[in-house]
Amino acid sequence: MSFIKVEENSDFPIHNLPYGIFSTPDNPRHRIGVAIGDQILDLGVIKPLFSGPVLSKHQDVFDQPTLNAFMGLGHEAWKEARTVLQKLLSANETTLQEDVGLRSRAFVHQSLAEMHLPAEIGDYTDFYSSRDHATNVGIMFRGKENALMPNWLHLPVGYHGRASSVVVSGTPLRRPMGQIRPDETKPPVYGSCKLLDIELEMAFFVGPGNKLGEPIPIHKAHEHIFGMVLMNDWSARDIQKWEYVPLGPFLGKSFGTTISPWVVPMEALMPFAQPNSVQDPKPLPYLCHDDPYTFDINLFVSVKGETMKEPSTISKSNFKYMYWTMKQQLAHHTVSGCNVRPGDLLASGTISGPDAESFGSMLELSWKGTKTIDLGDGQTRKFLQDGDEVIMTGYCQGKGYRVGFGQCRGKVLPALQ
């Protein structure tokens, strides 16, 4: 228990303690905080209290405007920080609780804070690791017999995304312009995307990197995975369809990707680890690990049209449906010798489950536009309209508490003509 009041359905109990970057109207400097209940603990204010063997030499990381330096310190530093924070915030610890002056400087109510990107993201990679999603899309475009490409069961398929257009939750995104080919008997035309979609994803931030030419072995991968966020990888399906052969997604994806602001550390998620998906055929040895690294994270997607009073839930999914694990993704990403760096972002790909309500994209929910998605009050969608706001949430459910991620939200603005 914490001396800070935490409601039972709060995303941010003492079991969680996610890291984020915030500012306030009276202090616009970006600084590192930890969420607890409806409060933010400013780590720069309490940095002298990190006096353990690792962090005593690196207290300056808590004065940085991003999490990159802290992420780069590695596994032992993260564990030490978490131990200190859980002790300081516990109900039977007086250091913070009874020092009125320190408390008043160290805590900020979340409603007074503006959240920013947690890290300077040098590189962003998007995987395609949900078998249900890959199968659904394959059936739509290639038929049941060729749903999965020959490589899919042998390696975590991915592509290099655009880091510059990753934005924090709450940032509105403009409907993209580009080349589309609505009539396949005619040449392409220039215009606004007509098939704007969401993709329910999660992503992890890389901690310490690796040297160029030196892969991260799978048994060490967890030491390089700092924590997770929710992600909406917005997709322009009609732009993507015309452009993606032969080199994959480009403008259909690069116009915007939204992430939640709070990075939930892997240590907070480990109690919710589940056995990994059975993989048949067995992957090559560099991709094999037996320890559970799939997580029971309940995920929800809601859409709120401009004239709607309340958002309507369109998808209920779970991260446990992933086929490839984050360890496998990182081991594969670096097996060629590719170097990753602190703050790099690696995303899961669309998370879909086995039944229709767990599909993680409107492409699937509307089955390529052949069905409507009911939002209630007479509102339906096949794809997103201007003014629609998309809200993604997620949490792990413990006994009497939850470890949550906050919100990942964004509103669609009209295209610039």
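The structure reproduced in this document is the subject of the present report.

What counts and what doesn't
Residues numbered from 1 in each chain as written. Predicted model: local features only at pLDDT ≥ 70, side-chain atom pairs only at ≥ 80, totals over all residues. Heavy atoms only, no water. Buried < 20%, exposed > 50% of the residue type's maximum accessible area, 1.4 Å probe, protein only. Helix = DSSP H or I, 4+ residues; strand = E, 2+ residues; numbered from the N terminus. Pairing = 2+ DSSP bridges. Core = buried A, V, L, I, M, F, W, Y, C linked by side-chain atoms within 4.5 Å. 1 Å grid on protein atoms, 1.4 Å probe; cavity = no way out; pocket = protein on both sides within 12 Å on 5 of 7 lines; lining within 4 Å. Points joined across faces, edges and corners; volume = space filled by probe spheres on them. Nonpolar A, V, L, I, M, F, W, Y, C, P; charged D, E, K, R; others polar. Contact = heavy atoms within 4.5 Å.

Next up on the list: the pairing of strand 21 (residues 312-318). Among the seven residues in strand 21, five count as buried, and that is most of the element. Across six bridges, strand 20 (residues 298-304) lies against strand 21 in antiparallel orientation. Paired with Ser302 across the strands is Thr313, a residue of strand 21.

One finds Met228 and Phe319 to be the most contacted residues of the largest nonpolar core, which totals 58 residues. Within the second largest apolar cluster, 44 residues are counted, among which are Ile36, Leu67, Ala106 and Ile121.

Attention now goes to the layout of surface pockets. In this approach, a probe sized like a water molecule rolls over the atoms, and the result shows the empty space that is left. Empty space within the largest pocket amounts to approximately 1,300 Å³. Within the residue set of the lining of the largest pocket, elements represented by two or more residues are strand 6 (124-127), helix 5 (131-142), strand 7 (158-160) and helix 6 (237-243). Looking at the lining of the largest pocket residue by residue, the classes come out as 22 nonpolar, eight polar and 12 charged.

Glancing now at the environment of Thr380. As for its placement among the helices and strands, Thr380 is situated in strand 24 (residues 379-381). Separated by 75 residues in the primary sequence, Thr380 and Gly305 place their C-alpha atoms 9.7 Å from one another. Thr380 has contacts with Thr372, Ile373, Asp374, Leu375 and Gln385, leaving out every residue within four places of it along the chain.

Another point: unusual backbone geometry. Apart from glycine, the bulk of residues carry a negative phi angle, and the bulk of peptide bonds sit in the trans form. Between Val245 and Pro246 the backbone carries a cis peptide bond, its omega angle lying at 10°. In the segment running from Asp280 into Pro281, the intervening peptide bond is cis, with an omega of 10°. Following the sequence through the fold, Pro281 ends up in the loop between strand 18 (273-274) and strand 19 (294-295). In the Ramachandran plot, Leu17 falls in the positive-phi region, its phi being about 60° despite a non-glycine side chain. Checked against the element boundaries, Leu17 lands in the segment before strand 1 (19-24). We note that Asp377 has phi near 55°; this positive angle belongs to a residue other than glycine. Look at Asp377 and you get exposed, because its relative accessible area is 78%.

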